[in-house]
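# Residue-level structure breakdown
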Amino acid sequence: MKVKRREFMGSAAAFFAALGLDAPAALSAARERPFAAADYETFRKSLRAFYPDECHGKCRDPRQVASVRMIGNELDAYVAAHPDCDVLDIRRESYLAMRRHFVPYILPGSPFYCEAGVNGGWCVWQGAESVPGRHINRICRGWLEERYIPREAFARLRARRRGCLMLTGDFVDDMHHIPPFHTIFTKGFRGVRREVETALASCPAEDASGRKGLEVALVGLDTVHEIQLAFVREAERQLAAVGLSAEDRLRLERIAVAARRCPWEPPRDFYEGLNTLWFVREILGYVEGTLNFSLGRPDAWLIDFYRRDLAAGRLTEPEARDLIARFLVMADCHLDTRLEIDGYSDQEAEIPLTLGGCDAEGRPVYNELTAAFLDAHIGLDLVFPKLHCRISEKSPQEYLEKIGAMLMRGHAVFAVFNDDRHIPNFMALGYPVARARDYVCCGCWDGNVDSDTNLDTANYMSVARILELTIYRDPNFEREARITIDPVDDATSFEQVRDIVYHNFIRFLRDVLADYTRYGGENVHVSARPVYSSCLTGCVAARRDALAGGAAFSPRIITLAFLGNVVDSLCAIRKICFEDRMATLPDFLAAVRSNWKCPGGEALRQAVLAAPYWGDNSEASNGLMRYWIDSVSEDIRDLKNEKGGPYVLACWIYREFLLWGLKMRATPDGRYDGDRLAQGFAPSEYRCKAGVTTVFNAIGSLDHSRLYASNANLAFEKSAMNAELFAAVFRVACRKGMHLLQPNCYSVEDLLDAQVHPERHQNIMIKVCGFSARFVALSKRWQDEVIQRHRLH
Amino acid sequence: MKRAIVFNIEKFATHDGPGIRTVVFLKGCPLRCMWCHSPESWSFEVERYPDGEVIGREMSSEDVLAEVLKDKDFYDVSGGGLTVSGGEPLARPAFLAELLGKAKAAGLHTAVETSGAATEKVFEPLLPLVDLWLWDVKKLDADKHFTYTKRPLAQILANLRRVNDALAAESPRKRSIVLRCPMIPGINDGAEDIEAVGRLADSLPAVIELHVAPYIPYGIDKARRLGLKVYEAPQPPPEYGRRIVAALTRHTAKPVRLP
């Protein structure tokens, strides 16, 4: 006897009733309990077998490896046979090859159909051959330099990257893409296809490239549909196996029914909604080679489905809890989060989940799903997904205290986003208010409006490096990187020093932005994304790829890195050389250049450590930080990027604060050669002795409306905090206008003990920078860095 | 404008009244509690440690308030405010009244940490300015109280009752008292001591809570550096505080907790 496929009942009870059977008691037993890691050990094992011990979630299943290779071989053969082909031709062939070779995985215990072995495209870090949609990058990347962008532009770009002056892609950021959830939730891929067909029908004859882009988009969208249907066949294949358990039968039947429909059509229930979040992330990553961060806002987007399903008997609370648990465990299993972390992106799965915030009418979102996701995350002892919790000054106390309670238990997995800052900022950029309120968090700390935005975010500019070059002249590097550095040694006033350093930086930045504007658009010739673009508002109507500026919004985020060190250095120079006159500027710079080891150098350094610093809430340091942010934002205000969008500023940094710091020489803020640098708006670890309120007041003194985003990674002394205090701190952060807080809460005694007895402290999570990790998994140098952080109290 | 010597301003204080607070410590104290953990607060003058570190600086009430108001956002969201401590803040009554008056005008919740050792006339002008009295109860035996603190218990208890009566007469009740009980093993933590504290708390309607403050040896090093003498003993383990709370709870109807 079979269940009627088209009317599959989500609840286990209904499923077995349709079969004329009683639901096995054991089927629901585990789901009745609160989230417990032990209940999902078998599921974790099956996932971990699929993703072996490797960074970035690369799949090693032989069928996956073979299929990706076959697709690559077919593309190589096509290109060899068609030497005049362009990127759209290769995309088309790529989409067609995927239909032939896609391997649909429904992993043991997984209720979802989405798995393509690519971790949303992120495992491209393991090589372009890991992701079929990235073959095009392998094939066409060289074209940028051969055909479209002058070699000298590439030469200086590479020199700047090599010299730790900037982190950037090849004139665009090709590493961060927001899955177009809003589009798929409202229209489904089928709705997108209809729009493309309509645009094609009305495409003017003279717009040959626009027409071609739309035609290839249709091919790609149909490939997405074929991939979706491949999961139906896989579910049916597995259903035909002998000795299937009742639970597996239920799971596979549900997949077989849902995969016929969704997300080709928009989701219509809680289960389909959850699946759509994973499907869009994974399959777009597979098909298009985009690196799709974000698992959306399940509590905001699925709550109506959830409540309707419960009311209609299609779902029970235990079943929903089980789906939520498996949804989350899938994220956590892309890596072995207990492997040592030492390198740049070790154990970085880039899977963020957004919770909380508000709805389109501005009402706070904190509901039974928010609580369930939070409970599940700590109950299941997860590192991933990253929890990006949106708050405002008006957030429910229970929500804020829940986050605080998790921090008190050592579960520092949060980036806490301030709606009261982000939403007005998005509206100032032109986003309609309802869309601005629906922003998700993508990557480490970027809030973005999905489906309306082409994101370009990884453009880090090291202000501290410019300061370093100002002090330690390097004519060879200056020539290679094509930067002009004026020296400061002869400056006769502090204002002169400040202005020289500033102009050295802004001159460099404007040159970088000019290259971006001039050359960034050429990337469309080597990695056009017809399917992804067709899902973004504006691209279809404009008949332009997102890389060519088709999306409604195309900001480019420029990060000002290590501003804290620069401000501290300038504060020190002002105090030592021009106020107290302890040393002349040349003598002071000589001490810095000697790594503070020259006679009198250490005494000068001690005087530096007593000078004003960023975070002490003095007008000396606040004023200098404002000077930098206000001046840079004014100086680039009128510039447009290659897509016609604005350049916007951010202040944050990833692991560069340690890794680039190792390569940087001593600086006037008291750093020795190789010392770490400051993160975002967090005060430099060498200087900060201030408490919570002082640091918050310092950050609050800035005009945050001049920044698209920023970050304050702050550690709180555990003995000084509790959940209620965290709630108060979060509200004040909102009131101060901060964009983002990444809080840690620990006692140094626990961390020191964890270094000696790691087995006792497996569950301590640390928000290192844009990622969290188990403290005991960090290498010694990262552990020591965390231990040495100033803890606010 | 009144001025006083301030030897510390502690921000984000969470154990000196409700919510998040700023505690302003005034220099100078008429008591000499043997277990004092801030002997640097005894003298009314600016001092220096032998290494040159300065203890205290003169500030006007306006300067102090300006510093306190920097954290107003924290008070607003947490129900916190200003706490004035010391030393003994009642030893600077004019400055205290002026500072608290300014704080109230700015909309702040105010608290005073005090031993209660002051002349009677000090209290009346302060009554409308103090939302919460954090009142030390050190030893409820007159002879031993004088031995341990060098101040008479009778004056302190009389002041406590007067303040209590004034607050209890308010309708509705707006202001209150928390009894703070420093507990030093073997000195004031015996069964009789605890029973007496409980009886005292229950006899005072304006007392809303008792806080137990186990001995901390933070004053030893500072005293040595200043050439002063304080009681020296090891810090009791965490369970000591919990045991005292449990014992005191048996002798009073008021809530008892560690701060």
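The rules we used
- Residues numbered from 1 in each chain as written.
- Chains lettered and ligands numbered in written order.
- Predicted model: local features only at pLDDT ≥ 70, side-chain atom pairs only at ≥ 80, totals over all residues.
- Heavy atoms only, no water.
- Buried < 20%, exposed > 50% of the residue type's maximum accessible area, 1.4 Å probe, protein only.
- Helix = DSSP H or I, 4+ residues; strand = E, 2+ residues; numbered from the N terminus.
- Pairing = 2+ DSSP bridges.
- Right-handed = clockwise from strand over helix to strand, strands pointing away.
- Salt bridge = Lys/Arg side-chain N within 4 Å of Asp/Glu carboxyl O.
- Phe/Tyr/Trp six-rings, centres within 6.5 Å; stacked < 30°, edge-to-face > 60°.
- Lys NZ or Arg CZ within 6 Å of the ring centre and 35° of its normal.
- Contact = heavy atoms within 4.5 Å.
- Buried area = accessible area lost by both parts, 1.4 Å probe.
- Nonpolar A, V, L, I, M, F, W, Y, C, P; charged D, E, K, R; others polar.
- pLDDT = per-residue confidence, 0-100.
- Expected span 1.5 Å × (residues − 1).
- Axes fitted to C-alpha atoms, helices over the stretch in contact; angles between N-to-C directions.
- Parallel < 35°, antiparallel > 145°, perpendicular 65-115°, else oblique.
- Left-handed = near helix turned anticlockwise from the far one by under 90°.

### Observations concerning the pairing of strand E2 (residues 352-356) of chain A
Residue and element names in this part refer to chain A. Taken across its five residues, E2 has five buried, putting it largely inside the fold. With five bridges connecting them, E2 and strand E3 (residues 386-391) associate as parallel partners. Bridging from a neighbouring strand, Leu-355 pairs with Cys-389 of E3. A crossover connection joins E2 to the parallel E3 through helix H14 (residues 368-379); in handedness this β-α-β unit is right-handed.

### What to know about the pattern of salt bridges
Residue and element names in this part refer to chain A. The full count for this structure, using the stated rule, is 94 salt bridges over all chains. Arg-156 serves as the salt-bridge partner of Asp-515, at 2.8 Å between the closest nitrogen and oxygen. On the criterion of sequence distance, the pair formed by Asp-515 in helix H20 (residues 494-519) and Arg-156 in helix H7 (residues 151-162) is long-range, its members being 359 residues apart. The same class applies to Asp-515 as to Arg-156, namely buried.

### Some words on the packing of aromatic side chains
One pair of aromatic rings is described through two measures. These are the centre distance and the angle between the planes. Tallying each qualifying case throughout the model produces 45 aromatic pairs over all chains. On the basis of an interplanar angle of 70 degrees and a centroid distance of 5.9 Å, the ring pair of A:Phe588 and A:Trp596 is categorised as edge-to-face. Residue A:Phe588 is classed as buried on the basis of its relative accessible area of 0%. Here the aromatic rings of B:Phe12 and B:Phe74 are separated by 6.3 Å at their centres, their planes lie at 90 degrees, and the arrangement is edge-to-face. Taken as a pair, B:Phe12 in strand E1 (residues 3-13) and B:Phe74 in helix H2 (residues 72-78) lie far apart in primary sequence, 62 residues in all. Judged by its relative accessible area of 4%, B:Phe12 falls in the buried class. Three or more aromatic residues link up through ring pairs in this structure, and these residues are A:Phe417, A:Phe426, A:Tyr431, A:Tyr439, A:Phe553 and A:Tyr708. Between the NZ or CZ atom of A:Arg498 and the centre of the ring of A:Tyr627, over which it lies, the distance is 4.5 Å.

### Considering the environment of B:Ala13
Residues and elements named next belong to chain B. With respect to the helices and strands, Ala-13 occurs in strand E1. Of the residues examined, Ala-13 reaches a relative accessible area of 0% and is grouped as buried. On a C-alpha basis, the gap between Ala-13 and Val-23 in space is 6.7 Å, while along the polypeptide they are ten residues apart. The contacts of Ala-13, once residues within four sequence positions are left out, are Gly-19, Ile-20, Arg-21 and Val-23.

### Some points on the interface of chain A and chain B
Contacts between the two partners involve 16 residues from chain A and, on the opposite side, eleven residues from chain B. Buried surface at the junction of chain A and chain B, summed over both partners, amounts to about 1200 Å²; 66% is from carbon and sulfur atoms. Counting the surface chain A buries against chain B, the share from its top three residues, A:Thr693, A:Val732 and A:Arg735, is 39%. Summed over the shared surface of chain A and chain B, the result is three salt bridges. The element best represented in the side of chain A that touches chain B is helix H30 (residues 723-735) of chain A, accounting for six residues. In terms of residue class, the side of chain A that touches chain B is made up of eight nonpolar, four polar and four charged.

### Some points on the confidence of the model for chain A
In regions of low pLDDT, the predicted coordinates are not meant to be interpreted in detail. Residue and element names in this part refer to chain A. The share of residues in chain A with pLDDT of 70 or more is 95%, and the mean pLDDT across the chain is 93. Contacts from residues 1-9, a stretch scored under 50 in pLDDT, to residues over four places away or in other chains number 19 contacts. A low-confidence stretch, residues 26-30 stays under pLDDT 50, and its non-local contacts, those more than four residues away or across chains, total five contacts.

### Some thoughts on helix H7 (residues 191-202) of chain B
Residue and element names in this part refer to chain B. Helix length check: H7 (twelve residues) gives 17 Å between terminal C-alpha atoms against 16 Å at 1.5 Å per residue, within 8%. Looking at H7, one finds that the buried residues are Asp-193, Ile-194, Ala-196, Val-197, Gly-198, Leu-200 and Ala-201. Those residues of H7 hidden inside the fold are in contact with helix H6 (153-168), strand E9 (176-183), strand E10 (207-214) and helix H9 (238-249).

### Some thoughts on the sheet that holds strand E1 (residues 166-167) of chain A
Residue and element names in this part refer to chain A. The mixed open sheet is built from five strands, whose spatial order is E1-E7-E8-E9-E10. Both outer strands of the open sheet, E1 and strand E10 (709-710), are each paired with one neighbouring strand and no more. Pairing analysis gives two bridges linking E1 to strand E7 (residues 460-462), with the strands arranged antiparallel. Across the sheet, residue Leu-167 finds its bridge partner in E7, namely Tyr-460.

### Let's talk about the packing of H7(A) against H20(A)
Residue and element names in this part refer to chain A. Between H7 and H20, whose axes approach to 12 Å, the crossing angle comes to 130 degrees. When the axis of H7 is compared with that of H20, the two are oblique. Along this stretch, H7 crosses H20, giving a crossing that reads as left-handed. Across from Ala-153, Arg-156 and Arg-160 in H7, the residues of H20 making contact are Phe-508, Asp-511, Val-512, Asp-515, Arg-518 and Tyr-519. Of the residues belonging to the contact of H7 with H20, the class tally is four nonpolar, no polar and five charged.

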